[in-house]
Amino acid sequence: MTTTRRVTWSEANARRIARQGLATPATDPVSAIAGAMLGAHAQVLSAAELSVALRVEGATRADVRGALWTHGTLVKTYGPRGTVHLLAAADLPLWTGALSAIPAGSNPLPPEVRMTEEQTEAVLAAIGDALAHTEADVAAALTVDELTDAIVERTGPWAGERVMEAFQDKWPRWRQVTHLAAHGGLLCFGPNRGRKVTYISPRRLLPGLTPMAGPAAHAELVRRYLRAYGPATPQHFARWLAAPRDWAAGLFVSLAADGTVEEVLFEGEPAWIAAGDTDFPDAPARGVRLLPYFDAFTVASQPRELLFPGRAYERALAGGQAGNFPVLLVDGTVAGVWHQRRSGRRITVTVEPVDPRLLTTARRRDLEEQAERVGEVLEGVAELTVGAVTVGGHA
């Protein structure tokens, strides 16, 4: 008779931290650690640079920028949850295959703003055609306005109508499918032109890019997700990916049937790990860490109430949403928030623990080292202050 493996929160948390370079910094390239994290949320690009570089021995934001804009081993594009991420360029066949094959949810836009299926297909084809020349011309990239003009030229004025509410402005209609173009391998971000965002073809980075077949991509993405953040449930996976829960539940059933995943008891409740991936550390997570806005570990780790215990749940979450505050980790769980303010090379790091008694003499030394490391990554000099963080959460 087979005995179901039992996994505690302490075991799971220690493994997640170790596999992401948060226990001991990795010596791998920054693109490899971005792959292990399953991407770094990059809506705030400086936070993504910090998130990745903190996990790599001796790395700075310059290493992340070099991988992104010079070497092409990282790509800035739309990833999980339809949000901007830094992904390993080598993983683009996986990501495009998986994300483009997730069932669409309900459209939140007003009816008069939405595009028909035919219009969506026309815009996606126009984006692909307009950016095709950037595959050969490394200097070529199109700003949003230039891409809008190219799309309108290929489809019609309706695509450029400014009907989408956006940050006290209105965006052209076509931009509601920008993430779909990225998921289909048609578009990713290029280097900014001054203050203007640009887009290029991802085939500049991976010539001949071909998305993986949907079923194979979903199986591989689940396997990698469980290696990074397991044990987890289909509901956890759906929340992380912003995918329909029923679809995720059915996917896990099929993967269990073919032996891709196996069931364990995680804190007494059924959950899943990648098949055969049963090694967990004996010792709990130790040490002090500072993680920036929307860090992948903070966002993806579940159950959230165990990662954010007690007062941390109220202080470090925004209505239950993780990532809106940079967080202080003490022995693997959230124990406060922090903020950094830059003036030239000087970086003031203010840390607010939920309970000042947590900062023992030894932990205070660890915290000083972490603040110093933040300064190194950001190519400045950090000064640590322990006190109240008065800055609100990021939207």
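Reading guide: rules and limits
- Residues numbered from 1 in each chain as written.
- Predicted model: local features only at pLDDT ≥ 70, side-chain atom pairs only at ≥ 80, totals over all residues.
- Heavy atoms only, no water.
- Phe/Tyr/Trp six-rings, centres within 6.5 Å; stacked < 30°, edge-to-face > 60°.
- Helix = DSSP H or I, 4+ residues; strand = E, 2+ residues; numbered from the N terminus.
- Buried < 20%, exposed > 50% of the residue type's maximum accessible area, 1.4 Å probe, protein only.
- Lys NZ or Arg CZ within 6 Å of the ring centre and 35° of its normal.

Caption draft 1: Region of the structure containing the packing of aromatic side chains. For the structure shown, the criterion picks out ten aromatic pairs. Ring geometry for Trp95 against Trp240: centres 6.3 Å apart, planes inclined by 55°, an arrangement best described as tilted. Here the residue Trp95 occupies a position in helix 5 (residues 92-99), and Trp240 occupies one in helix 10 (residues 234-241), the gap between them amounting to 145 residues. For Trp95, a relative accessible area of 3% translates into the label buried. A ring pair is formed by Phe237 and Trp240, whose centres lie 5.9 Å apart and whose planes are at 40°; its orientation type is tilted. In this pair, Phe237 and Trp240 are both assigned in helix 10, three residues apart and thus about one turn of the helix distant. The buried category is assigned to Phe237, whose relative accessible area is 1%. Accessibility expressed as a relative area gives 6% for Trp240, which makes it buried. When the ring centre of Trp171 is taken as reference, the NZ or CZ atom of Arg175 above it lies at 3.7 Å. For the cation-ring pair, Arg315 lies above Phe325, with the distance from its terminal atom to the ring centre recorded as 5.4 Å.

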